[in-house]
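Remarks on the overall topology
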Amino acid sequence: MNALSWLVGLRYLSARKGSRFVSLFSVFSVAGMAVSVLAMVLVMSIMNGFAGEVRNRILRAVPHAQLSIPQGIADWPALQSMLQQTGIVLASAPQDRARVLLESDARIHGGDLFGVDPQLEESVSQIAQSMVDGSWSALQAGSFNVVLGRTLAHQLRVNVGDSINIMLPQVSVTPLGLFPRSRRFTVVGIFSVGAQLDATQLYVHLDDAGRLLRRGDKIDALRLRFDDVMHAPEKLEKLRKIPALSGFTMKSWREENSTLFNAIHMEKIMVTLMLSVIVVVAVFNLVSILTMAVADRRKDIAVLRTIGAPRATVLSIFLIYGMSMGVIGIGVGALLGSILALYIENMVSAIERLTQISIYLPSQWYFGQTMMVVILASVLCLLAVFYPAWRASTIHPAEALRYE
């Protein structure tokens with residue numbers, strides 16, 4: 001591309017007498033490209049924000065990872081001490097887990113029972129800081145107390161101080177026949193992490209869970225905490241290399257909640273694809289505008305070819321012209337989208353104060369993600385404007401000037 005190509009291509013961006021119609025549609029084309037890129041950057045940032053919020057809420061109630069073995073962990077204090085000495089694990093806590101049926105005076109509902117040591121549990125999760133009613137410390141050995149998720153408590157229609165019956169899917173043989181194994185527990189606390197876990201989880205003391213489940217001194221798993229939750233899979237890979245842990249099954253928080261996070265990931269992909277369609281529509285609009293511009297400037301093309309400009313120069317002129325419109329639209333859209341993504345929470349807060357309506361739009365803007373949008377839109381623009389530019393380069397001077 002020579003200097004003439006840049007001079008003429010950029011000059012075509014400004015309106016001239018007799019071609020204001022084409023120039024007006026060019027402005028609309030640039031605006032359409034800007035809006036499509038803005039929407040893509042902003043919506044993807046909001047999706048990142050919601051995914052991050054879900055992750056943070058779940059991590060309040062679940063550990064970074066857990067370590068288990070099919071036959072149960074017998075001497076778990078020794079294993080806990082060994083893990084602490086590796087320098088990989090910051091904290092650990094024992095866990096018993098079972099799928100149970102909960103019965104109150106009003107309703108019956110299923111749930112996931114967790115037997116935990118209340119003090120050790122505070123070192124691996126934030127469930128104690130998520131209490132909205134009652135007390136986490138009320139989980140005492142032998143008291144048969146229980147802490148429920150807020151949604152689960154609402155479904156059972158129970159409050160702190162009420163009693164519920166916890167039943168297991170096993171039966172006990174009595175002189176009167178077969179009866180489901182069950183125990184009456186008193187609700188001493190209600191927690192809320194703002195996620196699906198509020199509707200399924202309940203906590204009892206580890207000793208009470210052992211008596212109910214009849215597992216003796218064994219536990220199901222150890223709940224682990226690392227220094228960085230996002231590097232939990234890498235930490236587990238280091239633990240798997242320790243010979244003493246070769247028979248154990250290790251799962252990170254992401255694997256434990258794989259169904260939810262896979263659904264979120266798939267949703268992000270589908271939203272990205274739908275937003276990409278908007279960019280494609282804007283690109284097709286750019287093709288239409290460039291085709292109109294070529295038809296409007298046939299005489300200019302003929303003059304350039306007559307004075308010796310090669311076809312490559314004409315091709316370059318309209319590539320520069322079309323890409324300039326695309327780059328302007330992409331740049332404006334990426335800039336405005338990034339600003340909105342960074343400050344949308346502040347804007348929403350101001351709207352909430354004015355309207356008294358609760359609106360929640362978390363946002364996480366990533367530079368790399370925005371650059372991928374810019375690169376994608378730029379490549380689509382280049383592919384789109386090439387054909388009209390090539391058609392312009394094939395115009396024969398004599399044919400274009402026949403009726404001039």
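Now for a description of the structure that goes with this document.

Parameters at a glance
- Residues numbered from 1 in each chain as written.
- Predicted model: local features only at pLDDT ≥ 70, side-chain atom pairs only at ≥ 80, totals over all residues.
- Heavy atoms only, no water.
- Buried < 20%, exposed > 50% of the residue type's maximum accessible area, 1.4 Å probe, protein only.
- Helix = DSSP H or I, 4+ residues; strand = E, 2+ residues; numbered from the N terminus.
- Pairing = 2+ DSSP bridges.
- Bend = angle between axes of the 7 residues up to and from the residue.
- 1 Å grid on protein atoms, 1.4 Å probe; cavity = no way out; pocket = protein on both sides within 12 Å on 5 of 7 lines; lining within 4 Å.
- Points joined across faces, edges and corners; volume = space filled by probe spheres on them.
- Polar contact = N/O pair within 3.5 Å; in protein donor to acceptor, adjacent residues only side chain to side chain.
- Contact = heavy atoms within 4.5 Å.
- Nonpolar A, V, L, I, M, F, W, Y, C, P; charged D, E, K, R; others polar.
- Salt bridge = Lys/Arg side-chain N within 4 Å of Asp/Glu carboxyl O.
- Axes fitted to C-alpha atoms, helices over the stretch in contact; angles between N-to-C directions.
- Parallel < 35°, antiparallel > 145°, perpendicular 65-115°, else oblique.
- Left-handed = near helix turned anticlockwise from the far one by under 90°.
- Phe/Tyr/Trp six-rings, centres within 6.5 Å; stacked < 30°, edge-to-face > 60°.
- Lys NZ or Arg CZ within 6 Å of the ring centre and 35° of its normal.
- Patch = residues over 30% accessible without salt bridge, like charges linked within 9 Å, V, L, I, M, F, W, Y side chains within 5 Å.
- Areas by Shrake-Rupley, 256 points an atom, 1.4 Å probe, with all protein chains shown as cover.
- Core = buried A, V, L, I, M, F, W, Y, C linked by side-chain atoms within 4.5 Å.

Time to look at the pairing of strand E3 (residues 108–116). Successive residues of a regular strand alternate their side chains across the two faces of the sheet. With 7 of 9 residues buried, E3 lies mostly within the body of the structure. Note: strand E2 (residues 91–103) against E3, 9 bridges, orientation antiparallel. Of the residues in E3, the one forming a bridge with Asp96 is Gly115. Between E2 and the antiparallel strand that follows it, E3, lie 4 residues. Pairing between E3 and strand E8 (residues 201–205): 5 bridges, direction parallel.

All right, on to helix H11 (residues 311–355) then. Of all the bends found along H11, the most pronounced is centred on Tyr343 and spans about 60°. Phi turns positive one or two residues past the end of H11, at Gln356, with a value near 60°.

Attention now moves to empty space enclosed by the protein. The final tally for this structure, using the stated rule, is 1 cavity of 30 Å³ or more. In this model, the largest cavity occupies a volume close to 30 Å³. Surrounding the largest cavity, Val41, Met44, Ser45, Trp365, Tyr366, Gln369, Thr370 and Val373 form its lining. Counting only elements with at least two residues in the lining of the largest cavity, the list comes to helix H2 (20–58) and helix H12 (367–393).

What follows is about the side chain of Asn48. For Asn48, the position within the fold is in helix H2. With a relative accessible area of 4%, Asn48 lands in the buried category. Only 2.9 Å separates the side chain of Asn48 from the side chain of Lys268, close enough to count as a polar contact. The residues touching Asn48, leaving out its near neighbours within four places in the chain, are Lys268, Gln364, Tyr366 and Gln369.

What follows covers the environment of Gln119. Mapped onto the fold, Gln119 is located in helix H4 (residues 118–121). Residues Gln119 and Trp136 lie 17 residues apart in sequence; the distance between their C-alpha atoms is 9.4 Å.

There is about 360 Å³ of room inside the largest pocket. Lining the largest pocket are 25 residues, with Val62, Leu197, Gln201, Glu256 and Asn257 positioned closest to its centre. Only strand E1 (65–73), E2, E3, E8, strand E10 (249–252), helix H8 (253–256) and helix H9 (258–296) provide two or more residues apiece to the lining of the largest pocket. When residues of the lining of the largest pocket are assigned to their parent elements, the largest contribution, 3 residues, is made by H9. A breakdown of the residues in the lining of the largest pocket according to their chemical character gives 10 nonpolar, 10 polar and 5 charged.

Looking now at the pattern of salt bridges. Per the stated rule, a full pass over the model turns up 6 salt bridges. Residues Glu237 and Arg240 are paired through a salt bridge, measuring 2.8 Å at the closest nitrogen-oxygen approach. Of the two residues, Glu237 and Arg240 both sit in helix H7 (residues 232–240), 3 residues apart, roughly one turn of that helix. Of the residues examined, Glu237 reaches a relative accessible area of 43% and is grouped as partly exposed.

Our next topic: the packing of H11 against H12. Where H11 contacts H12, the two axes come as close as 8 Å, and the packing angle between them is 155°. Overall, the two elements H11 and H12 adopt an arrangement that is roughly antiparallel. Of the two possible hands of crossing, H11 and H12 adopt the one that is right-handed. Facing H11, whose interface residues are Arg311, Val314, Leu315, Phe318, Leu319, Gly322, Met323, Gly326, Ile330, Ala334 and Ser338, H12 presents Thr370, Val374, Ala377, Ser378, Cys381, Leu382, Val385, Phe386, Ala389, Trp390, Ala392 and Ser393.

Attention now moves to the packing of aromatic side chains. For the structure on display, the rule yields 5 aromatic pairs. Each ring, one from Phe144 and one from Phe185, has its centre 5.4 Å from the other, and the planes form 75°; the classification is edge-to-face. With Phe144 in the loop between strand E4 (131–134) and strand E5 (145–149) and Phe185 in strand E7 (residues 177–191), this residue pair connects regions lying 41 residues apart in the sequence. On the basis of relative accessibility, which here comes to 9%, the residue Phe144 falls in the buried class. Ring plane angle 70° and centroid distance 6.3 Å describe the contact between Trp365 and Phe367, whose orientation is recorded as edge-to-face. In this structure an aromatic cluster arises from ring pairing among Phe114, Trp136, Phe191 and Tyr203. Between the NZ or CZ atom of Arg183 and the centre of the ring of Phe144, over which it lies, the distance is 3.7 Å.

Moving on to a nonpolar patch on the surface. On the surface, a nonpolar cluster with roughly 720 Å² of combined accessible area is contributed by Ile328, Val332, Leu335, Leu336, Ile339, Leu342, Tyr343 and Met347. Along the polypeptide, Ile328 turns up in helix H11.

A word on the environment of Val188. Within the secondary structure layout, Val188 lies in strand E7. The class of Val188 is buried, set by a relative accessible area of 13%. Sequence-distant contacts of Val188, that is, excluding residues within four places in its chain, are made with Asp133, Gly134, Ser135, Ala138, Leu139, Asn145, Val146, Val147 and Val160.

Moving on, we come to the nonpolar core. Core analysis: the largest hydrophobic core is formed by 44 residues, its most contacted members being Tyr203 and Leu239. Mapped by element, the contributors of at least two residues to this core are H2, E1, helix H3 (76–86), E3, E7, strand E9 (219–225), H7 and H9. At 4 residues, E1 tops the list of elements feeding residues into this core. Leave out the neighbours within four places in its chain, and Leu239 touches Leu83, Thr86, Ile88, Val89, Leu224, Phe226, Leu245 and Met250. Listed in part, the 37 residues of the second largest apolar core include Val30, Met47, Phe318 and Tyr321.

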